[in-house]
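Chain by chain, the residues run as shown.
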Amino acid sequence: SQKYAEHVRRHGIKQFIHIYNKNKDRIDRCFKWGDEIEYVIVRFDHKSKRVRLSLRAKDILKVMDEREEKEGVNRQVLWRPECAAYQIEGTPGQPFGYNNENNDKQSANNWFNNVENNMRERRRDIDSLLEENEALLCFTNFPRFGCNDTTVPFTKPGPQYSLSGSLFISDEVICPLYNKWMRIEQYWSERTGHRIAINAPIFKDTHTPDPFVQIFNDQQSQRAAKVDHIYMDSNVFGAACCCLQVTLQAFNVDEALVLNDQLAPLAPIMMALSASTPIFRGYLTDRDGRWDVLSSSCDDRTAEESGEKPLKHNKYRIFKPRFASINTYLCESNAKYNDNPIVYNKEYYDEMINAGIPPLVAQHIAYLFIRDPMVIYRDTLDQNDETDSGHFETLQSTNWQTMRFKPPPTNQPSIGWRVEFRPMDLQMTDFENAAYAVFVVLLSRIILKYKLNFIIPISKVDENMSEAQKRDAINRSKFWFRKDIFSSNESQELNNNSNPFCETHDSEEESYIQMTINEIINGYGQEFPGLIPIMKEYVRSISLDAYTSCKVQQYIQLIADRASAKLQTNAQWIRHFVRKHNDYKYDSVVNDTITYDLLFTLNRIQNEDLIIKELVGDYK
């Protein structure tokens, strides 16, 4: 009820105020960071050439929980449930750099070479628990999820088997250990009065029906399904997409705010570079990434809140779904670039301002808290606002933005102010995922060392987000980007002595031009230096042993070659694999045989039985 929802929101604000003021002077001198990868468990039927999703995450997690309890802090890998019963999330047992309490920079930096090793360890950890013909795959989205007979054990789809009324999936595909997702499935339809409606544009191949029209024996679905689009109707279609996320601990709250803002314009760039999701519900889409499907799958706005009807029963016109790019920058010096309409709870904002919270931080939290809590547990309603953070996290953790500004948790005193970088699709190999994770970490380091300024208007970032998901955006699209990334920024006082690329400027140059991914990453002439040359200069300036230095250079070169089109993105390679398959009819349909061959090949690649030069070149 709204009574309980308001209770959660009000106490969530009080909890945030306490957390902020308790930690506003906190300093963490050791740089820590980590990654999260969501994996998919599949089972191959080699005789019939079928591959299905194996709904065994619960069984595997039970064993992993026992191992974690036994090994404690010595555990090298941690496993957690995810939305789907065939998904499992793996993270390092401890943050990288965790043993560097003496601020030994060489020790901290040499952790770069342990990322890939830890990802390999995750596979080894799971291998003994997999049944015959099962595999743990790095794959953003199972190509035929939502089609018939795609799970083991068999699940029967249909409205009678789903709390959300989905035509395509059963509640049995939702992880039983993640109880909130079962409730969330019901929440979407209850709040909006209809099922989730997701429409991904179809890839028009030579024999794709024109127009492409889907017929459903269901009036609601028929109304919601768009012509020339692939229709989906459940939150799980988005929430069960796997991704790679990187969390960075900052020196203090001010550094966390700087990293949040400066990394945000890079989110669409990294999204295009990591694109790996060209297939949904058995069809090739005209998009390469997962983001829009995720965003639509997490859209709980009513018709009034989304602007389809005038406000009458609801309080706010909300311009973005819960899953979206950031709404505002958080550093006061970047306030003028918050050029999109801003809506927030004024009462909560005033309460935070009166408690000493900086205005843009207060505005950001007050924006998150215009949403309803999706799940409320009566037995946790009464909390101590000075020691608990449950109500705050209820809203904080269910606003999924490209960047997440994360205060120190109340129950883990060793963890400080953090930011989470969230836009990237999952890559197919440990080498690639390690490369992208390390690349993001290095981006954060060059931002801080060279006082780089990537800030552009938020509206331009949103335009870039839309562009980044398009088919072959990495080669065909242009993106708004700041031309003069060395111009001064009040939040980062420029130190020319530490910056070998910097030229002196009398005043800030307001210059936002459209560049290709290649120009942004690799630079072009005297016009723009490119991120790679700056990053290479940084790597040369830090203490790395020979092995780590070589590994980091390989990671950087992978990104450089993806940007220059020397190497393919995962999405390009997958699309090419499908279109060249003997069973493909050039009608956009990805059938069972194609899916089997694709994932069987992927499993060989991940087990290093097969190396695809078009994906990783000579670096692996």
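What you see is a predicted model; the values in this text were computed from it and never measured. (Residues numbered from 1 in each chain as written. Predicted model: local features only at pLDDT ≥ 70, side-chain atom pairs only at ≥ 80, totals over all residues. Heavy atoms only, no water.)

J.: How should I be thinking about the packing of aromatic side chains in this particular structure?
T.: The description of an aromatic ring pair uses the distance of the two centres, along with the angle that the planes make with each other. By the definition in use, this model includes 30 aromatic pairs. Here the aromatic rings of Phe369 and Phe392 are separated by 6.2 Å at their centres, their planes lie at 15 degrees, and the arrangement is stacked. Here Phe392 lies in helix 13 (residues 390-396) and Phe369 lies in the loop between helix 12 (359-368) and helix 13, a separation of 23 residues in the sequence. Comparing Phe369 with Phe392 shows no difference in burial state: the two are buried. Summarising the aromatic geometry, the rings of Phe405 and Trp417 are spaced 5.6 Å apart at their centres and angled 20 degrees between planes, so their arrangement reads as stacked. Placement of Phe405 in strand 14 (residues 403-406) and of Trp417 in the loop between strand 14 and strand 15 (418-421) is noted, with a sequence separation of 12 residues between them. Ring pairs connect the aromatic residues Phe16, Tyr20, Tyr348, Phe369, Phe392, Phe405 and Trp417, which therefore count as one cluster. Against the face of Phe168 rests Arg281, its NZ or CZ located 4.3 Å from the ring centre. (Phe/Tyr/Trp six-rings, centres within 6.5 Å; stacked < 30°, edge-to-face > 60°. Helix = DSSP H or I, 4+ residues; strand = E, 2+ residues; numbered from the N terminus. Buried < 20%, exposed > 50% of the residue type's maximum accessible area, 1.4 Å probe, protein only. Lys NZ or Arg CZ within 6 Å of the ring centre and 35° of its normal.)

J.: Can you walk me through the pattern of salt bridges in this structure?
T.: Pairing is possible between side chains that carry opposite charge, provided their charged atoms lie close to one another. In total, this model carries 47 salt bridges according to the counting rule given. Salt-bridge contacts for Glu121 lead to Arg124; the nearest nitrogen and oxygen are separated by 3.1 Å. A residue pair is termed a helical-turn pair when its members lie 3 or 4 positions apart in one helix, as Glu121 and Arg124 do in helix 4 (residues 114-127) at three residues. A salt bridge links Lys613 to Asp618, with the nearest nitrogen and oxygen atoms 3.1 Å apart. Overall, Lys613 belongs to the partly exposed group, its relative accessible area being 45%. Put simply, Glu6, Arg9, Arg10, Arg191, Glu305, Glu347 and Asp372 are held in one network by salt bridges that share partners. (Salt bridge = Lys/Arg side-chain N within 4 Å of Asp/Glu carboxyl O.)

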